[in-house]
Amino acid sequence: MVMRVILTRFCGLLILGFGLMGVAFGDTLQVGFVYVGPIGDHGWTYQHNKGREYLEKMLGSKVETTYVESVAEGGDSERVIEQLASSGHDVIFTTSFGYMNPTLKVAKRYPHVKFEHATGFKRVKNVSTYNARYYEGRHVLGLIAGHVSKSGVMGYVASFPIPEVVRGINATILAARKINPDMRVKVVWVNSWFDPGKESDAAKALIDQGADVILQHTDSPAPVQTAESRGVYAFGQASDMSSFGADAHLTAIENVWGPYYVSRVKAVMDGSWKSSDTWGGLEAGMVKMAPYGPGVPSSVRKVADKAVADIKAGRLHPFTGPIKSRDGEMKVPVGSVADDGLLLGMDFFVEGVEGSLPGS
Amino acid sequence: MEEILISGLVTIVTASCPLIFAGVGEVVTERSGVLNLGVEGMMAMGAVGGFAVAHISGSADLGLLASIVCGMLLSLLFGFFTQYLLINQVVSGLSLTIFGLGLSALIGRDFVGFSGLGFPSLFPDFLRDIPVLGRVLFDYNYVVYLSLLSPFLVSWFLFKTRAGIVVRATGDNAEAAHSLGIRVVKVRMLSIMFGGGMAGLGGGYLSVIYTPLWVENMVAGRGWVALALVVFAAWRPILVLWGALLFGGIAIIQLNVQAFGLGIQAQYMTMFPYLATVLVLVVMSKRSIFQKSPRSLGRLFFAD
């Protein structure tokens, strides 16, 4: 672990050095990005980088972007953000939860620079926050799984027991149980966002115990690949992963940051930028469903498409009461929907989830 | 239930392979008196080289060969630093890991997002169809059998052949070996290359066979576990095999236990290999029945 830290620091500084050489001063707007992982992770950072590329494509010569990858959360990130701010960047996107306090500290020293922090919740005059409502997409995954699963058991390769992940698991099983009330989901924590070997092992264990649809909240395509080789279904995570399992891949929830980045940078250009909190889902286009695989029959496609349309139109909320925790406690009463506070702090499993929830 | 046990056993064996390869290779390196902490980096290079060549050539075998070469090339760099420039081995090894991880990421950029080729089992279908035993014994590809065999071959080499004695003599007392006319630097360079090739193969196994894909940092700490394994096994190749199966087994059982719905905190399981290693070190320091580390381990040598 120590090595990983040293490595990321080392690489971060090197790349920062090269990146900053390319910064020119002039009429173009300078946009900086700070990434927590490598852009080659085919997951979280990969998608943010695609957003950056989209921004360059849409705004052409009006913007110039710089990115620094594999920046460790904490003190290092503060230095990197400060470097970007002091070298003439007008907008800086910091794309990991752990950059929250460093971003705020730097923002205080550079009041004329605009900051955008992903997945955080603290805002000041020149710091906005943004995140995506993946649970809307996971509702659709749950519906599809409820239809195509024969064993009635889903397997969930989970990373860490944080509200974001717990919310995804609950959204999936709640939707699946609308189709098949006996549906269950087995959860295995691999304690890593990224370890292809371990993710694959977890998927194998789940398949061995009867799961015939594999879901994941980890970043590598290994679980999809494992599902393909074992002849069961799977959903991709963050990106379309169909190239890793043509038959297994039912669909995926894709993170799409490009349009948001364009709108925010444009707002800076025309002076309308204000500190705001964005939590967009399917309707905002921040979450997108990947094309259906051959395993999704046309009747199920209709159900899934309708759910997407209903969520977009606001007719359907994935967390509509009655929702009880699996201990029997009523969390969302009949006729109401979960508020964002409950969603952001979700620390309970609903009925149908099997497996421990560490720390609860 | 039976199905779960069989399948779990198969997963344990296949998940342990990279640890066995890297661990056995490092045993030889350390037996010659060289401590190479760059296993993680060499595995990463093996993984990216193996995947890249398999992807371009369409041949998984060629990919595995390339992974061995990549691991070896990186270890040559380490050998040059420590044997010729006489730079501290710990520093060189750590640098090698940093360098290997960074370089593999750079090379691998164009290979992210592709799925690799399948890898066939060695034995024909009718053998695999034998109930229970068929799957446990015959359902692997030849690389798995090679990894299970390698500890025995290396053990025979180290303890039964003259060349093996030379390697151990170099590791136990380089000066004495030198005065007997053994070319210490040459022996150590060869041992370092063997360790590099085996680590590379372990990485290649991951990216070509186990999860046929390339993503950055996909070795995910297995190099460090292999290093712990060498100490755990008291520098004995056959104990490396059992240790790898034990470490791999605990990890797989833990995942299966979770899927059953029993709660054990996963962090304890992640700690296990290192705790076990510390425990073995404590036991070893008390008793002399176990051989201790090669006496020249980590010490630089130069002929006057």
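Just so we're clear, the structure is a prediction, and the values are computed from it rather than from any experiment. (Residues numbered from 1 in each chain as written. Chains lettered and ligands numbered in written order. Predicted model: local features only at pLDDT ≥ 70, side-chain atom pairs only at ≥ 80, totals over all residues. Heavy atoms only, no water.)

**A look at the sheet that holds strand β2 (residues 63–68) of chain A**
All names here are of chain A. The strand order across the open sheet built from six strands is β2-β1-β3-β4-β5-β11, with neighbouring strands paired in parallel fashion. In this open sheet, the two edge strands, each paired with only one partner strand, are β2 and β11 (277–280). Put simply, the sheet's adjacent strands are angled 15 degrees from each other on average, direction ignored. Pairing of strand β1 (residues 29–34) with β2, which is carried by six bridges, proceeds in the parallel orientation. In the strand pairing of β2, Gly32 is matched with Thr66. Sitting on the sheet, helix α2 (residues 44–59) touches β1, β2, β4 (114–118) and β5 (127–132), and the angle it makes with β2 is about 165 degrees. Here helix α4 (residues 100–109) sits on the sheet in contact with β3 (91–94), β4 and β5, set at roughly 175 degrees to β4. (Pairing = 2+ DSSP bridges. Helix = DSSP H or I, 4+ residues; strand = E, 2+ residues; numbered from the N terminus. Axes fitted to C-alpha atoms, helices over the stretch in contact; angles between N-to-C directions. Contact = heavy atoms within 4.5 Å.)

**Some details on the confidence of the model for chain B**
Residues and elements named next belong to chain B. Across chain B, the average pLDDT comes to 89, with 94% of residues at 70 or higher. Per-element mean pLDDT across chain B ranges from 73 in helix α13 (residues 266–286) up to 97 in helix α10 (residues 184–210). Overall fold confidence for the complex sits at a pTM of 0.84, while the interface term, ipTM, reaches 0.84. (pLDDT = per-residue confidence, 0-100.)

**Comments concerning the nonpolar core**
Judged by nonpolar contacts, the single largest core of 99 residues is most densely connected at Ile214 of chain A together with Val39 and Trp214 of chain B. With 13 residues, the single largest contributor to this core is helix α1 (residues 2–31) of chain B. If sequence neighbours within four positions are ignored, Trp214 of chain B has contacts with Ala44, Ala47, Val48, Phe51, Ser104, Ala105, Gly108, Phe111, Val112 and Gly113 of chain B. (Core = buried A, V, L, I, M, F, W, Y, C linked by side-chain atoms within 4.5 Å. Buried < 20%, exposed > 50% of the residue type's maximum accessible area, 1.4 Å probe, protein only.)

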